[in-house]
Amino acid sequence: MRNKKQKPDPLEIFASAPIPKAVLTNALPAMLGMLMVLIYNMADMFFVGQTHNALMVAAVSLATPVFLIFMGIGNIFGLGGTSVISRALGQGRKDFASNVSSFCIWSCIAVGIIMCISVLTFCDSILKFIGASADTWEYAKEYLVIVSYAGPFFMISTCFSNIIRSEGKPGIAMAGQVIGNLVNIILDPILILGLNMGVAGAALATTISNIVSALIYLAFLLSKQNILSISPRDFSAGHGVLTGVFAIGIPASLGNLLMSFSQILSNSRIASHGNDMAVAGYGVAMKITMITGILCIGFTAGVQPLLGYCIGAKNYKRFKKALAFTAILANSLTSLLTLFCYIFTNQLAGLFLVDPDALMYAVKFSRIIISTGFIFGLFFTLSATLQAMGEAGSALIINLSRQGFVYIPLMFVLDSVFGVDGLVWAQPVADILATTLVIILYTRAIRRLERSAKAETEATEPINVTEQANATEQTEAAK
């Protein structure tokens, strides 16, 4: 007789829940978390814009990609750790999953400290590289110096907003993001406008919000409510931990890292034309473009642990059903958001800018970049699927191509031929080419998976035939 009611297994949602419930239970909290990320990213630019100083907007546009590198590196451990942990849990290897989670948190702390010191040491060189002008230099420097001090917290909040979902706790992952982002949204008007801190206020609000998110995740991980561990005693880089995390995490995160790097390059190229208003307009255009993609990123990231679990458990039929349902919803979402952004481009850009020249650039650049937004659903769904399948090589190729080998050369070529407008057109062209490539790589990966599943089935058939023959013989003998 049991004295206590048995607690439900959080992994049951992965293993046996109806597909719509399994997908939406994991995806909706992740989407809400990314919605809050979108809002707080918009909030920084919005309240800086309320100073009616387009140079401050340009400075935040220049500095933000550098800050996003912290998050990109945090995603190496977050996305890589999620993939390894979800498959390990599907195989019933809970101790190995704890080794991976401990490795991820202590690596985030160490790398965060190193990055903080590096930014502070080479700040002036970084500002020169990103294209800060004499008018935007001090504003951009204020932002970078403040955010760099919280490097380890940025890494932890980014990493564990992903990893906690891998053990079937999307609500906790969402709570950390939502609460942290609410703190940012509340602090922005107080610090930027109320205390007249301008760019420094935006940086401080962002820093405090990420510290809050990191502390929420740490509190949960130190409690007894979770499967995973962050204890130094469970730390291990061997036995496939480091290689497993990096094999998926590096290619999966290269998209984010190259996005930051390519945005730094594009800002620098625009600034080289000697037009700070174009820099401000491009920064706002990138914020508007986030609307078409970031919710889909959250949606597919939320479903990735489910897909990984199905692969680990070799439940390929459930995997295909979950993937089909995800693809339909993701494509519908991005198509609707792209239409919304195109119709209301003027109104959205007007939230951030009042200078007529900067506003003109923002509207024009936004409509160019979102022209291919409707294909984001397919791209991010198949990219997340390749990561869930453990297709490290394919994930690496995709992320190197979209923001690196394809986009960066296109940016320089089109800029030299058509000027600033050509530079902006490089992103839609790169998106079309990258989506074509991800379709090809997914098709190859799913064929390999089907061949493997068929081989496993055929390997068991002789045993079943023999058992059936023995049973028939025994029946005949009995007669």
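Structure: above.
Please read all numbers here as calculations on a predicted model, not as lab measurements.

## Focus: the overall build of the chain
In step 1: Within the chain one finds 18 helices and zero strands.
In step 2: C-alpha atoms of the chain, sized along the principal axes, occupy 100 × 50 × 35 Å.
In step 3: Residues counted as buried form 56% of the 479 residues belonging to the chain.
In step 4: Considering only intrachain contacts with a sequence separation of at least 6, the fraction spanning at least 24 residues in the chain is 84%.
In step 5: Surface accessibility of the chain: about 20000 Å² in total, with carbon and sulfur atoms responsible for 66%.
In step 6: Of the side-chain charges in the chain, 30 are positive and 25 negative, and the distance between the mean point of each set is 9 Å.

## A short note on the packing of aromatic side chains
In step 1: With the rule as written, the count across this model stands at twelve aromatic pairs.
In step 2: The interplanar angle of 40 degrees and the centroid separation of 5.6 Å between the aromatic rings of Tyr361 and Phe365 together place this pair among those described as tilted. Of the two residues, Tyr361 and Phe365 are both situated in helix 14 (residues 356-369); the distance of four residues between them amounts to about one turn of the helix. In this structure, Tyr361 and Phe365 share a single accessibility class: buried.
In step 3: Put simply, the rings of Phe77, Phe103, Phe235 and Phe246 touch in pairs and so form one group of aromatic residues.
In step 4: For Arg93, the ring lying beneath its charged end belongs to Phe96, and the centroid distance is 4.3 Å.
In step 5: The lysine or arginine in question, Arg367, covers the ring of Tyr342, its NZ or CZ lying 5.2 Å from the ring centre.

## As for the nonpolar core
In step 1: Grouped together as the largest cluster of nonpolar side chains are 144 residues, with contacts concentrated most on Phe77, Cys104, Phe160, Val284 and Phe319.
In step 2: Take this core: its biggest share by element is 20 residues, from helix 11 (residues 276-312).
In step 3: Leave out the neighbours within four places in its chain, and Phe160 touches Ser101, Cys104, Ile105, Tyr217, Leu221 and Ile230.

## What to know about the side chain of Ser157
In step 1: Checked against the element boundaries, Ser157 lands in helix 7 (residues 151-163).
In step 2: The class of Ser157 is buried, set by a relative accessible area of 6%.
In step 3: Side-chain polar atoms of Ser157 contact the backbone oxygen of Phe154, separated by 3.1 Å.
In step 4: Looking at Ser157, its side chain comes within polar contact range of the side chain of Asn210, at 3.1 Å.
In step 5: If near-sequence neighbours (up to four positions away) are discounted, Ser157 is found in contact with Asn210, Ser213, Ala214 and Tyr217.

## Structural notes on the environment of Gly171
In step 1: Secondary-structure assignment places Gly171 in helix 8 (residues 170-194).
In step 2: In this structure Gly171 comes out as partly exposed when scored by relative accessible area, which is 35%.

## Some words on the side chain of Ser98
In step 1: Within the fold, Ser98 resides in helix 4 (residues 94-121).
In step 2: Here Ser98 falls in the buried class, since its relative accessible area comes to 9%.
In step 3: For Ser98, the contacting residues outside a window of four places in its chain are Ile227, Leu228, Ser229 and Asp234.

## What about helix 15 (residues 376-388)?
In step 1: Over its 13 residues, helix 15 extends 18 Å from the first C-alpha to the last, a length consistent with the 18 Å expected when each residue adds 1.5 Å.
In step 2: Most of helix 15 is tucked away, with twelve of its 13 residues classed as buried.
In step 3: For helix 15, every residue scored as buried is listed here: Phe376, Gly377, Phe379, Phe380, Thr381, Leu382, Ser383, Ala384, Thr385, Leu386, Gln387 and Ala388.
In step 4: Just downstream of helix 15, Gly390 is the residue with a positive phi angle, here 75 degrees.

## Side note on helix 14
In step 1: Taking 1.5 Å as the rise per residue, helix 14 with 14 residues should run 20 Å; its terminal C-alpha atoms sit 20 Å apart, in good agreement.
In step 2: Looking only at helix 14, the buried set comprises Ala358, Tyr361, Ala362, Val363, Phe365, Ser366, Ile368 and Ile369.
In step 3: Put simply, Asp355 is the residue that caps the front of helix 14, since its side-chain oxygen is 3.1 Å from the backbone nitrogen of Asp357.

## Quick word on the environment of Pro251
In step 1: For Pro251, the location among the structural elements is in helix 10 (residues 241-271).
In step 2: In sequence terms Pro251 and Leu396 are 145 residues apart; their C-alpha atoms lie 4.0 Å from each other.
In step 3: Apart from residues no more than four positions distant in its own chain, Pro251 is found in contact with Phe246, Ala392, Ala395, Leu396 and Asn399.

## Thoughts on the pattern of salt bridges
In step 1: Across all of its chains, the model carries four salt bridges by this definition.
In step 2: Measuring nitrogen to oxygen at the nearest pair gives 2.7 Å for the salt bridge that ties Arg448 to Glu391. Of this pair, Arg448 sits in helix 18 (residues 420-478) while Glu391 sits in the loop between helix 15 and helix 16 (392-405), placing them 57 residues apart in sequence.
In step 3: With relative accessibility at 32%, the residue Arg448 sits in the partly exposed group.

## Here we look at the packing of helix 11 against helix 12 (residues 316-343)
Each pair of packed helices gets described by two things: the angle between the helix axes and the distance between those axes.
In step 1: Between helix 11 and helix 12, the shortest axis-to-axis distance is 9 Å and the interhelical angle comes to 175 degrees. Comparing their axes, helix 12 and helix 11 come out roughly antiparallel.
In step 2: Here the residues of the contact of helix 11 with helix 12 sort into 19 nonpolar, four polar and one charged.

Criteria and thresholds
- Residues numbered from 1 in each chain as written.
- Predicted model: local features only at pLDDT ≥ 70, side-chain atom pairs only at ≥ 80, totals over all residues.
- Heavy atoms only, no water.
- Helix = DSSP H or I, 4+ residues; strand = E, 2+ residues; numbered from the N terminus.
- Buried < 20%, exposed > 50% of the residue type's maximum accessible area, 1.4 Å probe, protein only.
- Contact = heavy atoms within 4.5 Å.
- Areas by Shrake-Rupley, 256 points an atom, 1.4 Å probe, with all protein chains shown as cover.
- Lys, Arg positive; Asp, Glu negative; His and termini not counted.
- Charge placed at Lys NZ, Arg CZ, Asp CG, Glu CD.
- Phe/Tyr/Trp six-rings, centres within 6.5 Å; stacked < 30°, edge-to-face > 60°.
- Lys NZ or Arg CZ within 6 Å of the ring centre and 35° of its normal.
- Core = buried A, V, L, I, M, F, W, Y, C linked by side-chain atoms within 4.5 Å.
- Polar contact = N/O pair within 3.5 Å; in protein donor to acceptor, adjacent residues only side chain to side chain.
- Expected span 1.5 Å × (residues − 1).
- Salt bridge = Lys/Arg side-chain N within 4 Å of Asp/Glu carboxyl O.
- Axes fitted to C-alpha atoms, helices over the stretch in contact; angles between N-to-C directions.
- Parallel < 35°, antiparallel > 145°, perpendicular 65-115°, else oblique.
- Nonpolar A, V, L, I, M, F, W, Y, C, P; charged D, E, K, R; others polar.

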